[in-house]
Amino acid sequence: YLQNLKFQEIGTDSLQVLTDKIMLIERVSYVKSNKSLVYVLADADTNQDGLIDSNDIKSLYISTELGKNFSKISTELQELIDWKYIESANKIYFRTIEDANKNGEFDKKDKIHYHVVNLKDNKVSEYFPL
C-alpha cells in the first residue's frame, strides 16, 4: 500500500507529486500501448472509522505515465469489483457495485454497474449488457 507517488521525467531533476489528497493506493498498473497508469485505491473514509485504509471502498483512477491528469473514473460510493484493458479497442471496462438497499454492506441485493472508458479522451460511459 502506498500513500502517494512521485514522478521524475528522464533528464530532469524535478519531481512531480501524484496528488495532494490523502488516499491509500493498493495497486498501480501500466497500460503500455496507451502510456497511462491505472490505480486501484481508497480515497475516502467510507466506513467512518477515522482512517482511509484497506477497509474503505476502492475506486479506479487514471493518469499519464508521468502522473499528470490524475482523475477518478469510477463513480462515488461504488465499490470497484474489477477492471480489464482491451488493447484492440483502446478501452478499459470495469464493474462497480452500489449499495442500492442502503444497508451499509455490499450483497447480492445491490446493483452492479458496468462502465467503459475510451482512452482516447478518458470519457466514461455506463453500459447495460444483456
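Coordinates for the structure precede this section.
Every value quoted in this text rests on a predicted model; they were computed, and no experiment measured them. (Residues numbered from 1 in each chain as written. Predicted model: local features only at pLDDT ≥ 70, side-chain atom pairs only at ≥ 80, totals over all residues. Heavy atoms only, no water.)

What about the overall build of the protein?
- Counting its secondary structure elements, the protein contains zero helices and ten strands.
- Across the protein, helices and strands are ordered from the amino to the carboxyl terminus as β-β-β-β-β-β-β-β-β-β.
- Whereas a compact globule of 130 residues would reach a radius of gyration of roughly 14 Å, the protein reaches 16 Å, a difference of no more than 12%.
- Overall, the C-alpha framework of the protein stretches about 55 × 40 × 20 Å when taken along its three principal axes.
- Considering the protein as a whole, with its 130 residues, one finds that 35% of them fall into the buried category.
- In the protein, the share of contacts with a sequence separation of at least 24, taken over all contacts with a separation of at least 6, comes to 31%.
- Element-wise, carbon and sulfur atoms account for 50% of the exposed surface of the protein, whose accessible area totals about 8,400 Å². (Helix = DSSP H or I, 4+ residues; strand = E, 2+ residues; numbered from the N terminus. Rg over C-alpha atoms; globule rule 2.2 N^0.38 Å. Buried < 20%, exposed > 50% of the residue type's maximum accessible area, 1.4 Å probe, protein only. Contact = heavy atoms within 4.5 Å. Areas by Shrake-Rupley, 256 points an atom, 1.4 Å probe, with all protein chains shown as cover.)

A short note on the sheet that holds strand S9 (residues 111-118)
- Across the sheet, which stays open at both edges, the four strands sit in the order S7-S8-S9-S10 with antiparallel pairing between neighbours. Edge strands, defined here as strands with exactly one partner in the open sheet, are strand S7 (78-86) and strand S10 (123-127). If you compare each strand with its neighbour and ignore which way they point, the axes differ by 25° on average.
- Note: strand S8 (residues 91-98) against S9, eight bridges, orientation antiparallel. By the bridge assignment for S9, Arg95 is matched with Tyr114. (Pairing = 2+ DSSP bridges. Axes fitted to C-alpha atoms, helices over the stretch in contact; angles between N-to-C directions.)

Description of the side chain of Asp43
- Tracing the backbone through its elements, the reader meets Asp43 in the loop between strand S4 (36-42) and strand S5 (58-64).
- Here Tyr61 takes part through its side chain, which lies 2.6 Å from a polar atom of the side chain of Asp43.
- Engagement of the side chain of Asp43 in a polar contact is seen with the side chain of Lys72, the distance being 3.0 Å.
- Ignoring anything within four residues of it in the chain, the contact list for Asp43 reads Ile22, Met23, Ile52, Ile57, Ser59, Tyr61 and Lys72. (Polar contact = N/O pair within 3.5 Å; in protein donor to acceptor, adjacent residues only side chain to side chain.)

Quick look at the packing of aromatic side chains
- In the structure shown here, the tally under the stated rule is four aromatic pairs.
- An angle of 90° between the planes, with centres 5.1 Å apart, marks the rings of Tyr39 and Phe70 as edge-to-face. Of this pair, Tyr39 sits in strand S4 while Phe70 sits in the loop between S5 and strand S6 (71-72); the two residues are 31 residues apart in sequence, bridging distant segments of the chain. Per residue, the accessibility class of Tyr39 equals that of Phe70, and both read buried.
- Where Tyr61 meets Phe70, the ring centres are 4.8 Å apart and the plane angle is 20°; that geometry is what we call stacked. (Phe/Tyr/Trp six-rings, centres within 6.5 Å; stacked < 30°, edge-to-face > 60°.)

Some details on the pairing of S10
- Here S9 pairs with S10 via five bridges, running antiparallel. Following the sheet pairing, Tyr114 is matched in S10 by Tyr127.
- Hairpin connection from S9 to S10: four residues lie between these consecutive antiparallel strands, with Asn122 at a positive phi of about 60°.

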